[in-house]
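Analysis of the macromolecular model
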Amino acid sequence: MKKLFLIIGAPGSGKTTDASIIAQNNGAIVHYSTGDMLREEVASGSALGCEIEGYISKGALVPLDIIVNTIVTAINNAPVDTVLIDGYPRSTEQMTAFDVLVAKEENIELASVIEVRVSEQVARERILGRRAEAAPGQERSDDSEEVFNDRMKIYTDPLAEIQAFYTQKNLLKVISGERTLEEVVADMEAFITSKP
Ligand code: AMP
């Protein structure tokens, strides 16, 4: 049985960094970032990767079938039973599709949805700072101010509905991302490891 934690947060919330540190600290926890998995597919140079790059470079969401397939494959192939996935769901469509899937899948239990919460201003400062600090050739194609605005809007638009859905299921856990990395990681790690 796979115990799954979904981690959502604005671009710049630190969700990928937090989750990867927690997985490094715990041999029984594995972490996948939807953005990283999609970028790996792009880097592979496959036809699918080429299609995905068209969405990522604009800050748009990749189509439902691609992202669902990506995360289900990752969960099923995970080498350990506690799986952290950050960056999903990012739309009500993804939320509903996953709910149907989890209800059918006897092998997956959704333990919690963790929201790493930061203000839009903090998110913007972090993302635009990340771009300024990136080594030449290492910049993310989607870290420009214009694309940031689109990514932020895409994150914010469905958020209230996503929060309401998981609150009603008693699955939503909100963690403040406006603290030091160590504090956020400690808080999230304690929560994840305390879940039976
Ligand atoms: P991230 O690294 O989480 O900021 O994601 C980078 C980009 O990958 C996003 O702007 C989207 O284009 C794509 N992406 C990541 N997660 C998803 C998802 N759940 N659904 C659709 N597209 C996604």
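Residues numbered from 1 in each chain as written. Predicted model: local features only at pLDDT ≥ 70, side-chain atom pairs only at ≥ 80, totals over all residues. Heavy atoms only, no water.

1. Examining the sheet that holds strand 3 (residues 82-86)
The strand order 2-3-1-4-5 describes an open sheet built from five strands, whose pairing is parallel. Single-partner strands in this sheet number two, and they are strand 2 (29-33) and strand 5 (172-176). Across the sheet, the mean angle from the axis of one strand to that of its neighbour is 25 degrees, orientation sign disregarded. Bridge analysis of strand 2 against strand 3 gives five bridges, and the strand direction is parallel. Residue valine 30 lies in a different strand from strand 3, and its bridge partner there is valine 83. Contacting strand 1 (2-9), strand 4 (108-117) and strand 5, helix 8 (residues 159-168) crosses the sheet at an angle of about 135 degrees to strand 4. (Pairing = 2+ DSSP bridges. Helix = DSSP H or I, 4+ residues; strand = E, 2+ residues; numbered from the N terminus. Axes fitted to C-alpha atoms, helices over the stretch in contact; angles between N-to-C directions. Contact = heavy atoms within 4.5 Å.)

2. A short note on the pattern of salt bridges
Tallied over the full model, the rule gives eight salt bridges. Across the pair glutamate 145 and arginine 124 runs a salt bridge, and its minimum N-O distance is 3.1 Å. In this pair, glutamate 145 is assigned in helix 7 (residues 145-156) and arginine 124 in helix 6 (residues 120-133), connecting sequence segments 21 residues apart. For arginine 124, a relative accessible area of 23% gives the class partly exposed. In this structure, a network of salt bridges that share partners links the residues Glu120, Arg124 and Glu145. (Salt bridge = Lys/Arg side-chain N within 4 Å of Asp/Glu carboxyl O. Buried < 20%, exposed > 50% of the residue type's maximum accessible area, 1.4 Å probe, protein only.)

3. A short note on the environment of lysine 195
For lysine 195, the location among the structural elements is in the segment after helix 9 (181-194). According to the relative accessible area criterion, lysine 195 is partly exposed, its value standing at 28%. Once residues within four sequence positions are removed from consideration, lysine 195 is found in contact with Lys3, Phe5 and Ala111.

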